[in-house]
Amino acid sequence: MSLASIGVPGLIIILVIILILFGPRKLPEIGSAVGKTLAEFKKATKDILEDDKDKKTDSEKSESIK
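This section reports on the structure supplied with the text. (Residues numbered from 1 in each chain as written. Predicted model: local features only at pLDDT ≥ 70, side-chain atom pairs only at ≥ 80, totals over all residues. Heavy atoms only, no water.)

## A word on the overall build of the chain
Right, so step 1: Of regular secondary structure, the chain possesses two helices and zero strands.
Right, so step 2: By residue count, 3% of the 66 residues in the chain fall in the buried class.
Right, so step 3: Only carbon and sulfur atoms are counted for the fraction: they give 68% of the accessible area of the chain, which is about 6200 Å². (Helix = DSSP H or I, 4+ residues; strand = E, 2+ residues; numbered from the N terminus. Buried < 20%, exposed > 50% of the residue type's maximum accessible area, 1.4 Å probe, protein only. Areas by Shrake-Rupley, 256 points an atom, 1.4 Å probe, with all protein chains shown as cover.)

## Points about the pattern of salt bridges
Right, so step 1: Counted under the stated rule, the structure contains one salt bridge.
Right, so step 2: A salt bridge links Glu29 to Lys26; the nearest nitrogen and oxygen atoms lie 3.6 Å apart. (Salt bridge = Lys/Arg side-chain N within 4 Å of Asp/Glu carboxyl O.)

## Some points on a negative patch on the surface
Right, so step 1: On the surface, a cluster of negative charge is contributed by Glu40, Asp47, Glu50, Asp51, Asp52 and Asp54.
Right, so step 2: Summarising the element assignment, Asp52 is placed in helix 2 (residues 27-65).
Right, so step 3: Residue classification places Asp52 among the partly exposed positions, given a relative accessible area of 44%. (Patch = residues over 30% accessible without salt bridge, like charges linked within 9 Å, V, L, I, M, F, W, Y side chains within 5 Å. Lys, Arg positive; Asp, Glu negative; His and termini not counted. Charge placed at Lys NZ, Arg CZ, Asp CG, Glu CD.)

## Some words on a nonpolar patch on the surface
Right, so step 1: There is a patch of nonpolar side chains on the surface, built from Val8, Ile12, Val16 and Ile20 and spanning about 400 Å² of accessible area.
Right, so step 2: Mapped onto the elements, Ile20 comes out in helix 1 (residues 7-22).

## What to know about helix 1
Right, so step 1: Compared with an ideal rise of 1.5 Å per residue, which puts 16 residues at 22 Å, helix 1 spans 23 Å between its outermost C-alpha atoms and is within 8% of the ideal.
Right, so step 2: Of the residues trailing helix 1, Gly23 is marked for its positive phi of about 85°. (Expected span 1.5 Å × (residues − 1).)

Given below as structure tokens:
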């Protein structure tokens, strides 16, 4: 089961439940925290991919020197 299979009605239900649980005052704080978390996750993922790419390039260079 993937996130894509939830659909719009499922997302609306989830948002209503979150609104009931946390209230309208906390929603901007929660949204901000989720946004910062996603941005940090993207940054970390990008850094990991670049590190792997650099290691692969370094190993290819060392093999061509031999």
